[in-house]
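# A look at the structure
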Amino acid sequence: MEQVIGKAPKTRVRYGMLALVFVNVVINYLDRSNLSVAASALSKDLALSPVEMGYIFSAFGWTYAVLQIPGGLVADRFGPRILYAFCLITWSISTVFQGFARGFASLFALRLATGAFEAPSYPINNRIVTSWFPDNERAAATAMYVSGQFIGLAFLTPVLVTIQYYAGWKGLFVITGLVGLVWGVVWYLFYRDPLEHKGVNEAELTYIEEGGGLFRGKKTGTKHVSVWSWENIKLVFRGRTLWGVYIAQFAVNATLWFFLTWFPTYLVKYRGLDFIKSGYLASIPFLAACAGVLLSGFLSDNLVKKGWSVSAARKTPIIVGLILSTSIVGANYSTDTAYIIFFMAFSFFGAGMALISWVFVSLLSPKHLIGLTGGVFNFMGNLASIIVPIVIGYLAKDGDFKPALVFIGALGLIGACSYIFLVGKIERRGEKDMRGETKG
């Protein structure tokens, strides 16, 4: 029987698990970005200034970023099935209650709660892809689930605008929260890890494992290595290569968080577009970002298969993308809506290309610290979710949005320079490599 199984074509269960993660990401970003759609009406109803809105936009990031390291530790300790279901349900409840906010304090607190419960999500995503996919498919798999944030927002932003038009901003929060509650149950019912899934055969498991997939850590009887130590935390903060990746991720997320927070307000308030029209135009940059991340992921994996070094194949699309993201500044030099949307879309296309950077977590981290390294990586990147919305609020408080776009463009250039000058050779680091940067 084992010989028959060994000769059988490998199953493709990993793609079904990736599809579930994709939907998780769509809902994740739906509940991050619904505030941006509601912002114009909400700020009027609750009498919130641009500076106050900047703080509310950033509130999600305060807890989300701070809890990335604990979230990474939790992702290493608990299984994705139960942990992700818990996160989906709790952040969705917080989203529902945002529909009942009565002022700055209550809305700010609820956004803090949403960020806290979403914190483990991307370290879990990375752990799932590391478990279910071999190295030569991982960038494409990463690109596929990351694209969920753009595909979802591209097609759902007009839907969100329509919901708000008919149900108001309060109804918008309630409806999007209920969607997440239902999906949390669906996730729990259908997701399984590789060794627990009844549909996966030995051929697929062998293919994944021989290609570098990591899913047997707790099943082989090897001694458990605790991740709950101060030494492990220090380990993933050391080394020029990791710091180069962390800095660049902040730059990538700066562009992302502009689009997740201020972009609809920019179109309506600072460019004078109709609210409904802005909802459809706002979807174009998200489609461009989706194209960027998919192109980058498949291109990167293709370059690896063609014999390029891992360093060159993974870094090149990201560097090109970060350079392209600086084109956002071009919107400052046009009053034509078509050109403004073009520059926005081209910039977000570049940022999308750079978002395959999650692949570096599985490539650089020690095998027992995938979740922790992902947590630190996401913590550093999501400091942008705190800083960028607030800085934009101050830069635009007098009615001029041009300095804010220059700020975003400059960060993209810094990110490109970080990959060029700081990130060295890409390879998995052991403790000695990460404590003292001697390679690359």
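Residues numbered from 1 in each chain as written. Predicted model: local features only at pLDDT ≥ 70, side-chain atom pairs only at ≥ 80, totals over all residues. Heavy atoms only, no water.

The name given to the protein chain in an unreviewed UniProt entry is MFS transporter, with Larkinella punicea as the source organism. In its Subcellular location (unreviewed entry) section, UniProt records this for the protein chain: "Membrane". (UniProt positions renumbered as here; feature names shortened; annotations may be inferred.)

Turning next to empty space enclosed by the protein. Inspection of every chain in the model, using the stated rule, returns four cavities of 30 Å³ or more. Computed from the structure, the largest cavity encloses a volume of approximately 80 Å³. Considering the residues around the largest cavity, the lining is formed by 14 residues, among which Tyr 29, Tyr 122, Asn 253, Trp 358 and Asn 378 are closest to the centre. Broken down by secondary-structure element, the contributors of at least two residues to the lining of the largest cavity are helix 2 (13-45), helix 8 (135-190), helix 11 (240-261) and helix 17 (370-395). It is helix 11 that provides the largest number of residues to the lining of the largest cavity, a total of four residues. Considered class by class, the residues forming the lining of the largest cavity number eight nonpolar, five polar and one charged. Three or more residues apiece are contributed to the lining of the largest cavity by two domains, here domain 1 (11-212) and domain 2 (228-427). A volume near 60 Å³ is recorded for the second largest cavity. Lining the second largest cavity, in full, are Ser 33, Ser 36, Val 37, Leu 153, Thr 157, Phe 259, Pro 264, Ala 282 and Phe 286. Tallying contributions element by element places helix 2 first for the lining of the second largest cavity, with three residues. (1 Å grid on protein atoms, 1.4 Å probe; cavity = no way out; pocket = protein on both sides within 12 Å on 5 of 7 lines; lining within 4 Å. Points joined across faces, edges and corners; volume = space filled by probe spheres on them. Helix = DSSP H or I, 4+ residues; strand = E, 2+ residues; numbered from the N terminus. Nonpolar A, V, L, I, M, F, W, Y, C, P; charged D, E, K, R; others polar. Domains from an automatic or database assignment.)

Another point: the packing of aromatic side chains. Summed over all chains, the structure comprises 29 aromatic pairs. Here the aromatic rings of Phe 258 and Tyr 266 are separated by 6.3 Å at their centres, their planes lie at 65°, and the arrangement is edge-to-face. Feature note: the residues Phe 57, Phe 258, Phe 259, Trp 262, Phe 263, Tyr 266, Tyr 270, Phe 286, Phe 348 and Phe 401 constitute an aromatic cluster, connected by ring pairs. Sitting above the plane of the Tyr 207 ring, Lys 10 keeps its charged end 4.5 Å from the centroid. Over the ring of Tyr 188 we find Arg 81; its NZ or CZ atom is 4.0 Å from the centre of that ring. (Phe/Tyr/Trp six-rings, centres within 6.5 Å; stacked < 30°, edge-to-face > 60°. Lys NZ or Arg CZ within 6 Å of the ring centre and 35° of its normal.)

Their axes nearest at 7 Å, the elements helix 2 and helix 11 cross at an angle of 60°. The orientation of helix 2 with respect to helix 11, classified from their angle, is oblique. For the pair formed by helix 2 and helix 11, the contact residues are Tyr 29, Arg 32, Ser 33 and Ser 36 on the first element and Leu 256, Trp 257, Leu 260 and Thr 261 on the second. A breakdown of the residues in the contact of helix 2 with helix 11 according to their chemical character gives four nonpolar, three polar and one charged. (Axes fitted to C-alpha atoms, helices over the stretch in contact; angles between N-to-C directions. Parallel < 35°, antiparallel > 145°, perpendicular 65-115°, else oblique. Contact = heavy atoms within 4.5 Å.)

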